[in-house]
Structures are given as structure tokens and as C-alpha cells.
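Residues per chain, in single letters:
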Amino acid sequence: MDLPTLDQVTVVVVTHHSAHCLAGLNALLAHCPHIIVSDNASNDGTPAQAQALWPQAQVLAHPHNLGFGAANNRALSRVTTPLAFLLNPDCEITPEGLLALMAAAEAMPDAALLAPQLVTAKGQAEVNYRWPHTLWTSQGPAAEGPCCVGFVCGAAMLFRMHRFEPVGFFDERFFLYYEDDDLCLRLFNARRPMLLLPDIQAVHRSRGSVKGRSPLKSEYVRGFHHAQSKLIFEQKHGSRARALSQRRSLLLSTSLALPLRVVLFSPKRIARMAGRWMGLLRWQADEPM
């Protein structure tokens, strides 16, 4: 069996005010012949800097923020290699790590998706995998070897492109958050295996991918879309009634907690909670069929 090479994979990176992350990605991307940077209207020069760093890259400079899933979809529609590796700007993996993932994919051809173990900058393992929480709660010790899972975090995922044909990629109703939950659940239901490789690690600097001019606005946007996506997921995979009930409950708990955040004066938490409250308030359930 021939060993995989980096010309068999396209690395996809979605950026949004992410110029500060590009140097960290260079350890991998400098060695990759196929790169697509899908930029969501950055105002910090990300597209130009990415093109200068990686002349071989396709840089898609979207005029407005499409959302995480939609920007990935625009890139995935251009992939011509058998594999695509989706990598967050705040996530770093070595060329050897990516090649090890590709070797695992070669050895397990039924797998649609493979993921490394995410670790913090201090080397502590993150819980970036589980079973679908719609079915049961994951329990027990951490994975000690390659294993099938029902969900992996979207920060670093290797796609075998043809295995997604009956499932599709990201549902663009999820602007930010829960798009990976939704995709993994659809793969799980379609019996398309997802594998976690705990011996292959990627450093995840969580919430480090965006560094805009207004950090409080970023926190507000995060809160807004997390609330909206949570309810979209609940209606799609649960029911309209459950989503409406969850919205009422979350509106009440957020309304009660927001004054406490003001008293304790945590500006980022206040901004995120205000965004959550507005996201819940503005969300509208789809009409029943």
C-alpha cells in the first residue's frame, strides 16, 4: 500500500478577522499544494496576507459574512482531491499529523470522517468527541485507541469526499455553532462511520480564531448565534414544540441571570448573554407542515 501524500488532500480554512492566526497555520500549509481559504469579510487584511503566504492557495474573499458552514460549503464545492481537511484558524497540526490521519483513512476506507484528538496549548486533552447527545449521554474514560464516534468537533476534520454524496455537507441554516452537530448526526443516521484517532493531536486555541476591532461585539454575535442555532437544531432533530418550550425556558433563565452579570460586571459575559437573549427573542420557529 502506497503511503499518502499531501497532494491528495485539500486543506480548507474558514477565516474571519483571522490574520493573527496565519503564522501558526504556516507550519502545515507551507507544505500543502492544495489550499482553499474561505474568508468571511475580514477587515484585517486576512485574504491578502493568506495569498502572500501561500501563493498556491485559492482565496475566496466573500463580500459579507456567510457563516461558518456556508463558507466551508463554498470551499468544498471547489475541492478536486479525494480528501479535504477542514481546519479552524485557531487549530494547528503538523504535516506528519495530517499524513497520519490520511494513512488511517487509507486503512479504513469506509470512514467518511476522521478527526485528531484536540489538545489545549498546554497539552491537555479536550473532549472533542462523543456519541449523539440526542440518543444517549456519553460516559466512561477517554479513548485509548482509534474508535467510532457519533460526533467530533468541527475544528479539525478529515473528509473522504465521496462518502458525503448521499448526506451533503453543512446545513446553511446554522450560521455559527451546531453545524458540526447537525452534520455528524446526519452521517451517523446514514451509517457513515466517523473515527477519532487519539494518538494524533492538534493544538486547539479555543475561541482564538476571531480578533476583530470590537471584541464585545464578537461576544454578542457568539451569544446570538449560539442561541439561534441551538433552537434550529432542536426543531430539526426534535420537534417544533420542544424548540418552543426550550426557547421559553432559556428566555426565562437568561432574563434572570443577565442582571447578575451586570452587578458582577463582566463585560464579555454581559455582551454574550445579551446576544443570547436577543437571539432567543428574535428566533421564529418554522411553521408545522
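Residues numbered from 1 in each chain as written. Predicted model: local features only at pLDDT ≥ 70, side-chain atom pairs only at ≥ 80, totals over all residues. Heavy atoms only, no water.

A separate point is empty space enclosed by the protein. Throughout the structure, instances matching the rule amount to 1 cavity of 30 Å³ or more. Estimated volume of the largest cavity: approximately 60 Å³. The element contributing the most residues to the lining of the largest cavity is helix α5 (residues 179-189), with 3 residues. Within the lining of the largest cavity, the residues separate by chemical class into 5 nonpolar, 3 polar and 2 charged. (1 Å grid on protein atoms, 1.4 Å probe; cavity = no way out; pocket = protein on both sides within 12 Å on 5 of 7 lines; lining within 4 Å. Points joined across faces, edges and corners; volume = space filled by probe spheres on them. Helix = DSSP H or I, 4+ residues; strand = E, 2+ residues; numbered from the N terminus. Nonpolar A, V, L, I, M, F, W, Y, C, P; charged D, E, K, R; others polar.)

This next bit is on the pattern of salt bridges. Counting across every chain of the model gives 10 salt bridges. As a salt-bridge pair, R173 and D171 come within 2.7 Å of each other at their nearest N and O atoms. By relative accessible area, D171 is classed as buried at 13%. In this structure, the salt-bridge partner of E219 is R272, at a minimum N-O distance of 2.8 Å. Of this pair, E219 sits in helix α6 (residues 215-237) while R272 sits in helix α8 (residues 267-282), and the two are 53 residues apart along the sequence. For E219, a relative accessible area of 6% gives the class buried. Taken together, the shared-partner salt bridges in this structure form one network comprising D171, R173, D182, R186 and K236. (Salt bridge = Lys/Arg side-chain N within 4 Å of Asp/Glu carboxyl O. Buried < 20%, exposed > 50% of the residue type's maximum accessible area, 1.4 Å probe, protein only.)

It is worth spelling out the environment of E144 at this point. By secondary structure assignment, the location of E144 is in the loop between β7 (129-130) and β8 (147-149). Overall, E144 belongs to the exposed group, its relative accessible area being 73%. Separated by 57 residues in sequence, E144 and Q201 place their C-alpha atoms 13 Å apart.

Moving on to a nonpolar patch on the surface. The grouping of W131, L135 and W136 at the surface amounts to a nonpolar patch, some 300 Å² of accessible area in total. With respect to the helices and strands, the residue W131 is situated in the loop between β7 and β8. Judged by its relative accessible area of 31%, W131 is partly exposed. (Patch = residues over 30% accessible without salt bridge, like charges linked within 9 Å, V, L, I, M, F, W, Y side chains within 5 Å. Areas by Shrake-Rupley, 256 points an atom, 1.4 Å probe, with all protein chains shown as cover.)

Core analysis: the largest hydrophobic core is formed by 34 residues, its most contacted members being L29, W54, F85, L87, L98, L114 and L158. Counting residues per element, the ones that place at least two in this core are β1 (9-15), α1 (22-29), β2 (35-40), β4 (83-87), α4 (95-107), β6 (113-119), β10 (156-160) and β11 (194-204). The dominant element in this core, judged by the number of residues it contributes, is α4, at 5 residues. Ignoring any residue separated from it by four or fewer positions in sequence, one finds L87 in contact with V11, V12, V13, V14, L25, L28, I93, A155 and A156. By size, the runner-up hydrophobic cluster in this structure holds 27 residues, among which are V79, V167, C184 and L196. (Core = buried A, V, L, I, M, F, W, Y, C linked by side-chain atoms within 4.5 Å. Contact = heavy atoms within 4.5 Å.)

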